[in-house]
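So you can see what is in the structure, the chains are spelled out below.
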Amino acid sequence: MDLGHQFRSLLIGFCTLFFMITSPAPLQAETAAFDLIGPKVEVRVQRDGHTLPISQVPNLQAGDRLWVHPDLPETQSVRYIMVIAFLRGATNPPSDSWFTRVDAWSKVVREEGIFLTVPEGAEEAIVFLAPETGGAFSSLRNAVRGKPGAFVRAAQDLDQASLDRQRLEKYLESVRESPLTDPEQMKAHTILLARSLNMRLEQQCFDKPTAQQVPCLTQNTDQLVLDDAHSQNMMTTLTTGSSTDLLAQVSATPTARGGYYSAYVGAVVDVVRILGTAHTAQYQYIPALSLPNHDDLNLRLNSPPSFRNPKSVIVVALPLVRPAPNPPLHPIDAAQVFCVDAPSLVLPADGAPLVFATALAHDFVLHVETKSGPGIDLPAVPDPGRGGFVIDTTTMQSVELDAEVSGVLRGTWGFRPFEGPHFRLRSSTSGQWIVAAKDSSALIVGREDTLHLQSPSTCCVSSVSLRDETGKVVDTPWKIVKPEELEVKVPLQTASAGTVTIVIHKLGSRRPDEIPVHTYSEAGRLDSFNIHAGDTEGVLKGTRLDQVTALEVNGLHFTPQGLSRANQQDELKLVSQDAGAGTRFQAGDSIKARVALKDGRSLDIRAAVEASRPRVTVLSKSVQLDSSARPSRVRLENPDELPQGARLNFFLKTQVPENFSPSEQIEVATADESYRVLLSERDGNLTPQDSKTIFAMLDPSKALGPSAFGPLKFRPVAGDGTEGDWQPLVTLVRVPLLEGVHCAPGGEKQCMLSGDRLFLINSISSDPDFANAVTVPDGFVEAELRIPSPKGSTLYIKLRDDPSTVVTANVPMSSTPQ
């Protein structure tokens, strides 16, 4: 062979090796779908004389008696040995007695299985299935004893990944097998399903044609599973924490494409890599996810087993050995009242996806207190597609209850009973309905009006209809707006003035409730039109103002912008789009207004120009931080941002009137006006500098309360109550407390930001362009947040209360061992 040919061969070999090393194919194999069906292993657990199938056991404990049976087919051509090993941490190799060899092909094992007891001090349990070769048992035992940490990590990862996979399987099965064909019903069903199982929901799937919605909702399955705080807490309780840290790090990498989604992807990648470190020339270890069904552990593999050297050893994790926390179920709305007479009562609850996806929590009942006796237990079944627990209320028909009772959800978590959330329950009674005072004269014929009815039995309403004096009955839209208030849309477009009857049907009651109400034929009345000097909008007062289409004043055209009703009359806001409208009117001017109605008529009304509304401008403002408060490392450099806990000082100059009156006030409110306060000289938060300039002080924590945040606005309020226009003031932001950044050593560092109230961060980056930004998910409650490795000590942050502004923070950096 000539030298040139040898060089070409060497070059080809090097390129091939480089491609194999750098190709993403191995990673794709690691994140495969675990769609290969593996063998079955039957397991039961006995504790304190009580036996449960493995599907109902969230954790093991010392002293548990296990029955294990390898369910291999009769035609199995390769002999398998099954090795059951108990581990006790990464740095403490298990003793030889903690390994049990089982010849899966023996007649006794095939027919009876084996029994063994969880030893004291064990923390993990693993089942190995390996092809029989001479010395297989000793090779496996030596491998585990030689590298216990790899198998401890594998057991923890497999347990987490199996729990997440069960949630995924439940979601996919429910979506694909749903009998619903109506798009809206399918959307509502899927939203409840995703909420119960804590799955990522692609909203754009519902914009597709009906036939394409299910395939869209079930694609990219490895990205559907969101973090489950309960299973993460189980892992935190059952492990020392290092495993879950690594899982979250891997799942948040761009390679795994997990972002802030569940550690499911990270667990799969992690366990394959870790088991890869234990490979030998004789054996390679492949993970198996467990999908329990009664006694069976149905195994799923992500790569086909090999029966040539290195032969494949299937690694199966049993539940970890330590206490598991109870599922954190909670009601969707603790104030909601439910009708116990509903034939199929659904109690909405979430917070514990494993309850809806697995059989770990079982034997649920709703315990209801009765007037006599110990109470009654109603069967309860978790149904993720309906968003909660379905209660069988059949036995409640003959039970006497108080007006309102409390029901508590009870169940069993593994072997241990637990108590879940409480719900408010009421039974259907023939009670008096009260028409809300504001609606006593609200029913005007010729249009649809809204009626509010109040009764303790509101939760039991099943339908509402309207019957007129001729006996004609029509169904009416309705909804429950408060626990004891019903909102009914009353269609009176073609009705005549007189009396109509609201007919309310209730669950558990044969006779409906009937509420007679009066309807009125209110003639349209135009009272007055008032506009303030300098304004481009005014208010028309009268009745039946829904018939108004326009208003003309001195050649200016005004159009309706909003109709409201107050003090038994209508008020219609009318706005002019003419740019010069604000300068056309002076206080006291005599003007004429003409109103155009829908029926084509035009009517003249009296009009008046009132005094100008107060107007002020901001001269300057500054933020004064609280020196006694715990310092924050976040720097707010935008002068329009006010940290919660600081004080805002600002100067205002009056424009209208000429001088600032001592009785004039400044109103400050949040954007939605949920929180507001009036600043005044009398209260000491307004101080005149001179007759035209005023110094204002705002302490938002005291004046608006700790729940206020976001953009603040202000307006002047004259002594007679006349209000000026709203103007932007500052953005009130809540600031997290940042303590430090800890990074693991290595080429690509994984760093953790520690602090308090990290959920106040919208996104965080190591560079000002946010090229590698990390978005903090909704509901983030942890004290540590995984972030990209900072390039220095400066972090760039967008706060949740003002995500349009980038702030910086100098945080202490440290390196911690991995």
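Summary of the structure given here. (Residues numbered from 1 in each chain as written. Predicted model: local features only at pLDDT ≥ 70, side-chain atom pairs only at ≥ 80, totals over all residues. Heavy atoms only, no water.)

## Regarding the pairing of strand E16 (residues 388-392)
Among the 5 residues that make up E16, 4 are buried, leaving the element largely enclosed by the rest of the structure. Looking at chain direction, strand E13 (residues 344-350) and E16 are connected through 5 bridges and run antiparallel. Directly across from Val-346, in E16, lies its bridge partner Val-390. (Buried < 20%, exposed > 50% of the residue type's maximum accessible area, 1.4 Å probe, protein only. Helix = DSSP H or I, 4+ residues; strand = E, 2+ residues; numbered from the N terminus. Pairing = 2+ DSSP bridges.)

## Comments concerning the nonpolar core
Most often, soluble globular proteins keep nonpolar side chains buried together rather than apart. Within the largest apolar cluster, 46 residues are counted, with the highest numbers of intra-cluster contacts made by Tyr-171, Leu-329, Phe-364, Val-368 and Phe-389. In terms of residue count, helix H5 (residues 148-176) provides more of this core than any other element does, 5 residues in total. Among residues more than four places away in sequence, those in contact with Phe-389 are Leu-329, Leu-345, Val-346, Leu-347, Ala-349, Val-355, Phe-356, Phe-364, Ala-380, Val-381, Pro-382 and Leu-409. By size, the runner-up hydrophobic cluster in this structure holds 35 residues, among which are Leu-66, Leu-72, Val-102 and Ala-122. (Core = buried A, V, L, I, M, F, W, Y, C linked by side-chain atoms within 4.5 Å. Contact = heavy atoms within 4.5 Å.)

## Overview of the state of the cysteines
Here a disulfide denotes one covalent bond, and it connects the sulfur atoms of two cysteines. Per the counting criterion, the structure on display carries 2 disulfides. Through a disulfide, Cys-339 is tied to Cys-460; the S-S separation comes to 2.0 Å. Its S-S torsion of about 100 degrees marks the bond between Cys-339 and Cys-460 as right-handed, since a negative value means left-handed. Placement of Cys-339 in strand E12 (residues 337-339) and of Cys-460 in the loop between strand E20 (448-454) and strand E21 (461-467) is noted, with a sequence separation of 121 residues between them. For Cys-339, a relative accessible area of 3% puts it in the buried group. (Disulfide = S-S within 2.5 Å.)

## Some remarks on the packing of helix H6 (residues 183-197) against helix H7 (residues 210-217)
Between H6 and H7, the least distance of the axes is 11 Å, while the angle of their chain directions is 15 degrees. What the angle tells us is that H6 and H7 run roughly parallel. Seen along the crossing, H6 lies across H7 with a hand that is left-handed. Residue-level contacts link Pro-183, Met-186 and Thr-190 of H6 to Thr-210, Gln-213, Val-214 and Leu-217 of H7. Considering only residue class, the contact of H6 with H7 consists of 4 nonpolar, 3 polar and no charged. (Axes fitted to C-alpha atoms, helices over the stretch in contact; angles between N-to-C directions. Parallel < 35°, antiparallel > 145°, perpendicular 65-115°, else oblique. Left-handed = near helix turned anticlockwise from the far one by under 90°. Nonpolar A, V, L, I, M, F, W, Y, C, P; charged D, E, K, R; others polar.)

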